[in-house]
Amino acid sequence: MKRFKLLFVVAALIMALAPVGAQDVTTVTMWFGEGSTLDCWGPIMLEFNDVDPSVQLEIVPQADTWNVTRTAVAGGGGPDIVRTPGPSFVYEMAQAGLILPMDAFADEMGWGDFFFDWALDLGLVDGQLYSLSDELETLVMYYNVEVFEANGWTPPDTMDELNALAEEVEAAGLTVFSHGNASWRPTNEHFVGEYWTQVAGPHKVYQALSGEIPWTDESLVGAIELLDAHMQAGWYGGGVDLYFTNDGVYRRTSLAEGSAAMNIEGSWAIRGTVDYFNESGQTWDWVPVPSHDGTDYYTIGMGNTSSINANSQHPQAAAQFLTWYFSPATQGKMLTSCLKGPAPVAIGEDVMAELDPRIARLYAELSDASANDRYGYTTWTFWPPKSDVYIYEEVERVWTGEITAMEYSEGLQELFAEELAAGDIPPIPTR
Amino acid sequence: MAVYVQTKPTTIAEKLADETWRRKFLRNVLIPWIFICPLLIIHLYVVAIPAVQGVYMSLTDWTGVGMNVNFVGLDNYYELFFEDETFGKALGNNIIWMAFFLTVPFIMALFCAAMLAQVKRGGMLYRSILFIPYVLASVVTTTIWKNLLNPQRGIGAAVDNLLGLEDVFGVAFLGRPDSALMSIAFIDNWHFWGFLMILFLASMQSIPPVLYDAAKIDGANRWDEFRHVTLPGIRPTLLFMYMMVAIWSFLAFDYIFLLTQGGPGGASEVIATQLYKNAFFRFQAGYGAAQGVVISIFAGFIIMIFVTLRRRGWDI
């Protein structure tokens, strides 16, 4: 009888204590790509666990995050926080009912107070908020300051100035742009998007994206022709065939060591640029990509998005984490500590003052451009998936002489018209 | 006197009542099935059912995300064969790939195996050296060769520097539409042919030496021996590998994707790389499934040729 009583007391104690450990703490899971980004971002994201002990974040490193996430979520599992490579991926997941609309959380937790208005619109699918943009991106022209000073060059503002400068760069035995796509073939789309914006102008691109004008419009085809001419002239990596074999290491080292003068690349490349220039002991700086009339246009893009899994058992806790993660304080810390491109949120001036002035200037200029109608569109953010793949795959056929710029544009128009009619276009900020 | 006559059970009831029959049934039928059942169930679950699902998906407009699926009949196949110009190009590249792999590695492997079969001392060392590339992961092999073929820091550039030349040997083999596919085939073959050579060598070593002695007595030279003794002796292995390599040629993916991702300008695109892009980049998983089915049909066609030859008495 004594033994029975003892057992009863132990069982009662276990039952009484169990809820404290098992039910009071909610774990929110997030899958994240392995590597140096996680090494820097991870510890900062885990600081969330100190904010509210009842909600804990668990980061699970994955080798091929997006494909693993997509498969798991479609199978009824996956992490609570679903990260996608961009808005077009969100669209497909929202249509399939795999992620939750987050409008109620946005209202409850005041996301509109710190996100820019247009930024929340980017996460809309059929009028409901499904994702938050994680990394604000743009493309600029980096250059090697020592090379420019030694040759008495100044960074170009217009395409004509760029033409003149390129001749001088080649005469000096240097490569104009340190480019190549061997490491990442979609690099091609960076240049297509930039030439459309800088040569034809962002308003033309907006009209084409809205279906008001076709992609075969003279100005848009002209931009592709100019890009092809520059490619054929060997500006990009020293020649078309070399462009296809130059990898990421070449891109960074040739600019940092001064064998190439410039490089049109994204704001995401700042971290790598800083590292390589620190190693070479030379100095980098940036200017906006030259345009046809000298106006400083900045294409806007989003690197990743975050959503809440429709299978999540803890959507409220997941939203709580997103609120903390996208807060200007957290984003500011990730910007200063890891040079992470910030989410489109209003980061305080005190944080920006801590940054390298060149980086602070980049985000200030981008913010100014978006407020003053000087922004353009990056292809991976605003184009539907089939058109996007077409843009970076088929442009190679223009560069290899298989098709003309007009044929390329006609192919894009045909595909884009299908996707536009099907309503597959991601939300585009209106002008 | 009663005579006991043992009759063979005919009805199920009689059979179950007969202990001898029960034992035979248990030993010859039930127990083998019990042992094979787990494998069969796993096979059904991971191969047969997904294969049937794949065929079904090829008749839909599935995006690959969620289960929002609409039946579109043979639309995907129509588009594949009559509208998609890039598919024809990819198929052509697959055929070039197959032609390369049914000749170059076979000639190299046969020649080397025939030479190594004669080597008595150090043969194992040679075999091991030639086999090593086969055990390297494709990521490792492609990284090595990407650097070796790099026009600015690879072998070609080194030769140019040595000879004081400019861009003579430093050619961007992987960056030119006319050389990209063959360069990838060369790299894949570098990794593959050693495997083929080892198979042929093992097969050659099982040929009775007395056949070579008899050939020598008949006045055969080395070429005659190879043609009339070695080749017929390894014919089953040779033809089986022909069939396998032909099938594998339609599955070619990893080396191409790792080295050029189908570029430049689709010059090295094959059906499998197209399928991957359709399914995972363009959200056309249904269309990609149709391409997968087409690959399977090609493989089935190749197998059918070999089965037909076997039925006609070929020693395969």
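For the structure itself, look to the data block above.
Residues numbered from 1 in each chain as written. Chains lettered and ligands numbered in written order. Predicted model: local features only at pLDDT ≥ 70, side-chain atom pairs only at ≥ 80, totals over all residues. Heavy atoms only, no water.

Q: I would appreciate a short explanation of the interface of chain B and chain A in the present structure.
A: Bring the parts together and some accessible area is lost; that lost area is often taken as the interface size. Between chain B and chain A, the residue contacts involve 33 residues of the former and 32 residues of the latter. Between chain B and chain A, roughly 2400 Å² of surface is buried when both sides are summed, and carbon and sulfur atoms account for 54% of that area. For the chain B face of the interface with chain A, the top three residues by lost area are Val65, Arg282 and Phe283 of chain B, together amounting to 23%. Counting every contact that joins chain B to chain A gives four salt bridges. (Contact = heavy atoms within 4.5 Å. Buried area = accessible area lost by both parts, 1.4 Å probe. Salt bridge = Lys/Arg side-chain N within 4 Å of Asp/Glu carboxyl O.)

Q: Sorry if this is basic, but what is going on with the sheet that holds strand 7 (residues 136–137) of chain A here?
A: Sheets are built from strands paired through backbone hydrogen bonds, the pairs being either parallel or antiparallel. Residues and elements named next belong to chain A. The three strands lie next to each other as 7-12-14, forming an open sheet whose pairing is mixed. In the strand order of this sheet, the two ends are held by strand 7 and strand 14 (375–377), each with one partner. Here two bridges tie strand 7 to strand 12 (residues 298–302), and the two strands are oriented antiparallel to one another. Of the residues in strand 12, the one forming a bridge with Glu137 is Gly301. The strands touched by helix 19 (residues 357–371) are strand 7, strand 12 and strand 14; relative to strand 12, the strand with the most contacts, the crossing angle is about 100°. (Pairing = 2+ DSSP bridges. Helix = DSSP H or I, 4+ residues; strand = E, 2+ residues; numbered from the N terminus. Axes fitted to C-alpha atoms, helices over the stretch in contact; angles between N-to-C directions.)

Q: Please explain the pattern of salt bridges as it appears in this structure.
A: For side chains bearing opposite charge, pairing can occur when the charged atoms are close. In total, this model carries 20 salt bridges over all chains according to the counting rule given. Between Lys333 of chain A and Glu47 of chain A there is a salt bridge, and its shortest N-O distance comes to 2.9 Å. Here Lys333 of chain A, found in helix 17 (residues 328–338), pairs with Glu47 of chain A, found in the loop between helix 2 (36–45) and strand 2 (55–62); they are 286 residues apart in sequence, far enough to count as distant. Taking the relative accessible area as the measure of exposure, Lys333 of chain A reaches 35% and is therefore partly exposed. Note on Glu47 of chain A: relative accessible area 30%, which makes it partly exposed. Linking Arg176 of chain B and Asp178 of chain B is a salt bridge whose minimum nitrogen-to-oxygen distance equals 3.3 Å. Under the relative-accessibility criterion, Arg176 of chain B is labelled partly exposed at 33%. Residues joined in a network through salt bridges with shared partners are Arg185, Glu393 and Glu396 of chain A together with Glu269, Lys277 and Arg282 of chain B. (Buried < 20%, exposed > 50% of the residue type's maximum accessible area, 1.4 Å probe, protein only.)

Q: Explain the nonpolar core to me, please; I cannot follow it from the model alone.
A: The nonpolar side chains of soluble globular proteins are, as a tendency, buried together. Grouped together as the largest cluster of nonpolar side chains are 122 residues, with contacts concentrated most on Trp111 and Trp196 of chain A. The leading source of residues in this core is helix 16 (residues 315–325) of chain A, at seven residues. When sequence neighbours within four positions are dropped, the list of residues in contact with Trp196 of chain A reads Gly201, Val205, Trp215, Leu220, Ala223, Ile224, Thr379, Trp383, Ile391 and Leu412 of chain A. Formed by 62 residues, the second largest nonpolar core is a distinct cluster that contains Ala215, Ile256, Val294 and Ile295 of chain B. (Core = buried A, V, L, I, M, F, W, Y, C linked by side-chain atoms within 4.5 Å.)

Q: Which parts of the structure should I look at to understand the side chain of Asn188 of chain A?
A: Tracing the backbone shows Asn188 of chain A in helix 10 (residues 187–200). Those residues in contact with Asn188 of chain A that lie beyond four places of it in its chain are Asn181, Tyr243, Tyr392, Val395, Glu396 and Trp399 of chain A.

Q: Mind showing me how you'd approach the packing of helix 5 (residues 104–118) of chain B against helix 9 (residues 180–205) of chain B here?
A: Any two packed helices are characterised by how steeply their axes cross, that is the angle between the axes, and by the distance between the axes. Residue and element names in this part refer to chain B. Contact geometry of helix 5 with helix 9 gives a least axis separation of 8 Å together with a crossing angle of 45°. Accordingly, the angle class assigned to the pair helix 5 and helix 9 is oblique. When the axes of helix 5 and helix 9 are compared, the crossing they make is right-handed. Together, Val104, Pro105, Phe106, Met108, Ala109, Leu110, Cys112, Ala113, Ala114, Leu116 and Ala117 of helix 5 and Asn189, Phe192, Trp193, Leu196, Met197, Phe200, Leu201 and Met204 of helix 9 make up the contact between the two elements. (Parallel < 35°, antiparallel > 145°, perpendicular 65-115°, else oblique. Left-handed = near helix turned anticlockwise from the far one by under 90°.)

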